[in-house]
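Observations on chain architecture
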Amino acid sequence: MYGTPRSETAWKVPSCIFEPSDSTALADAVKIISSNNITFAVRSGGHSPFSNWANVDGGVLISLSAINAISYNPTDETVRVGTGNQWGQVYGKLAEYDRVVVGGRVPDVGFGLLTGGGLSHHSSLYGFAADNVIIYEVVLSNGTEKTVSRASDPEHFWALKAGGTNFGIISYVTLKAFPQGKVWGGVIFYSIEYLDQIMAAIAEYQAVGQLDPRSAILPYVAFNNFNSIFISFSYLDAVERPEVFNNFYRIPSLLDDTKIHNNFSASISEVVDKVYPRWTWGSTTFYLDNSTYVQVARLCQNISRTDEFQAIQGATLVLVPQPVSRAMVQRSVASGEHPMNLRDREQIWFSINLGWQYASDDARMEQFVVDTLSSIEKLTKSKGLFDEYVFFNNAHTTQDPLRRYGQNAFRKMKRISRTVDPAQIYQSRLAGGFKLGGS
Ligand SMILES: Cc1cc2nc3c(=O)[nH]c(=O)nc-3n(C[C@H](O)[C@H](O)[C@H](O)COP(=O)(O)OP(=O)(O)OC[C@H]3O[C@@H](n4cnc5c(N)ncnc54)[C@H](O)[C@@H]3O)c2cc1C
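Cut-offs used in this document
Residues numbered from 1 in each chain as written. Predicted model: local features only at pLDDT ≥ 70, side-chain atom pairs only at ≥ 80, totals over all residues. Heavy atoms only, no water. UniProt positions renumbered as here; feature names shortened; annotations may be inferred. Helix = DSSP H or I, 4+ residues; strand = E, 2+ residues; numbered from the N terminus. Buried < 20%, exposed > 50% of the residue type's maximum accessible area, 1.4 Å probe, protein only. Contact = heavy atoms within 4.5 Å. Areas by Shrake-Rupley, 256 points an atom, 1.4 Å probe, with all protein chains shown as cover. Lys, Arg positive; Asp, Glu negative; His and termini not counted. Charge placed at Lys NZ, Arg CZ, Asp CG, Glu CD. Near = heavy atom within 4 Å. Polar contact = N/O pair within 3.5 Å; in protein donor to acceptor, adjacent residues only side chain to side chain. Nonpolar A, V, L, I, M, F, W, Y, C, P; charged D, E, K, R; others polar. Pairing = 2+ DSSP bridges. Core = buried A, V, L, I, M, F, W, Y, C linked by side-chain atoms within 4.5 Å. Domains from an automatic or database assignment. Axes fitted to C-alpha atoms, helices over the stretch in contact; angles between N-to-C directions.

The name that an unreviewed UniProt entry assigns to the chain is FAD-binding domain-containing protein, with the source organism given as Paraphaeosphaeria sporulosa. Reading the Sequence similarities (unreviewed entry) entry of the UniProt record for the chain gives the comment "Belongs to the oxygen-dependent FAD-linked oxidoreductase family."

Examining the overall build of the chain
When helices and strands are tallied, the chain shows 13 helices and 19 strands. Dimensions of the chain, computed from the C-alpha atoms along their principal axes, are close to 60 × 55 × 40 Å. Put simply, the chain has 439 residues, and 61% of those count as buried. Within the chain, residue pairs in contact and separated by at least 24 positions form 74% of the contacts whose partners lie at least 6 positions apart. When the accessible surface of the chain is totalled, it reaches about 16,400 Å², and 50% of it is carbon and sulfur. Taken as two groups, the 38 positive and 41 negative side-chain charges of the chain have centres that lie 5 Å from each other.

Some remarks on the site of the ligand
Neighbouring the ligand are 32 residues, the closest being Val42, Gly46, Arg105, Leu119 and Ile170. Val42 places a main-chain nitrogen or oxygen 2.7 Å from an oxygen atom of the ligand. A distance of 3.4 Å separates an oxygen atom of the ligand from a polar backbone atom of Trp53. Breaking the shell around the ligand down by element, the ones donating at least two residues are strand S2 (40-43), strand S9 (169-176) and strand S16 (278-287). Of the residues belonging to the shell around the ligand, the class tally is 14 nonpolar, 15 polar and 3 charged.

Side note on the UniProt feature "domain: FAD-binding PCMH-type" (unreviewed entry) in the chain
Here the UniProt feature "domain: FAD-binding PCMH-type" (unreviewed entry) sits at residues 10-180. Between the first and last C-alpha atoms of residues 10-180 the distance is 36 Å; the span itself is 19% helix and 26% strand.

Some remarks on the pairing of strand S8 (residues 145-149)
Bridge count between strand S7 (residues 133-139) and S8: 5 bridges; the pairing is antiparallel. Bridge pairing in S8 links Tyr136 to Val148. A loop of 5 residues connects S7 with S8, the two strands running antiparallel in sequence, and Gly143 in this loop sits at a positive phi of about 85 degrees.

Observations regarding the nonpolar core
Within the largest apolar cluster, 72 residues are counted, with the highest numbers of intra-cluster contacts made by Trp87, Tyr136, Val173, Leu175 and Tyr405. Among the elements that make up this core, the one with the highest residue count is helix H12 (residues 407-420) (5 residues). Both domain 2 (68-179) and domain 3 (183-394) contribute no fewer than three residues apiece to this core. Ignoring anything within four residues of it in the chain, the contact list for Tyr405 reads Ala162, Pro339, Met340, Asn341, Tyr389, Phe392 and Met413. Listed in part, the 51 residues of the second largest apolar core include Met199, Ala200, Val221 and Phe223.

Re the sheet that holds strand S1 (residues 16-18)
If you walk across this open sheet you meet the 3 strands as S1-S3-S2, and the pairing is parallel. In the strand order of this sheet, the two ends are held by S1 and S2, each with one partner. Averaged over all neighbouring strand pairs, the angle between strand axes comes to 20 degrees, with direction disregarded. Against the sheet, helix H1 (residues 23-34) contacts S1, S2 and strand S3 (60-63), and its axis sits at roughly 165 degrees relative to S3.

Pasting the structure below:
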């Protein structure tokens, strides 16, 4: 059933909402839209906070929520999934077979995640989510249905792995499934007074603990309104308090709900609080360095303490420092090509989420993202730790993640886009998403 976008910044009033129940109905809709000069948007899980990305004023909104089949094939260990599902629904279904797929770390995220690569708790074991797509079923802008695999069209397959909405609307994907038994995990809460220790622990974990590919963390450091730190831990085996996280256990905690769960599905939860109705985000990448992790967090805390920030009703700055291991990069490269062009080095995809109350503050908060990222990048560049790559799934609208994959990848994507979308309808009339631009 069609739902509301998670952030009020993405609320719009479409003229028409269409919910296709399969690829053919989706293709029919795209054919009509394409030949009638209509602006449209596509929504899966509705997690993008950006205006016009998965919503549109006065145009057609295609909600994929009714394309929600999940069929597991035990013979070849694959699962065909409709992109109207949320990842939690897929994990829940696969738990019946003691299997898992590589996908979102929060249950209610949708399949837009795949269009930006997709960072998962299983990435150190199996690469990014998109690395584990075997078949894409897409609808092209002329309303044609196309099945894309590495064998059938290697270039289109490559571009779909992290090229956003530029290469087709994905109706179904066939994903590799992996055995998954019991999992240790949950959330530990800390006081913000341990900020330095937590940032150092993240760096130490990344240098040592993360070498165990069964381990993963998703930290949130919230300034201003929540003033607390909460870390979602995951260990993909039935091991109580795995030693890879020892640096974190040494820091006094406020609350700890970690335990062994029967399956992965039960181990992940909605850890981002929804108390602020509007939010935005942006991201930057830099290399592993203990003191820089601490410094960047301090820099952000200082921004959250400025009068300008404090003056905004509900203003909250949440850091999401996502440690990316070399194993993730190497497994990703080994499992097939994609345009992301990642450096074979421990790095952090350092995202900042900003929440607030009123629409009248939208422009100011978007500017805070730009200014905060610029301050962080000034620091990381001065230390020689900056990396050009920006995590597509947390990139701000002013960033250009596709161009930041590198010139060769960008040019190749543009060429493929002209082949699969000769009229460039997904560039001009599909609302939102990072585009490839003109000539
Ligand atoms: C709470 C939370 C947790 C998150 N966790 C993770 C995580 O663990 N890993 C990670 O990598 N990212 C994560 N993200 C980021 C998330 O992957 C992106 O925001 C993603 O775009 C959300 O997809 P969606 O389907 O929910 O969103 P939507 O808002 O529905 O879509 C986002 C964009 O993708 C396009 N799109 C959606 N479905 C399709 C499709 N089938 N075909 C073509 N285009 C499509 C839409 O048109 C839109 O431009 C998280 C975000 C939030 C808010």
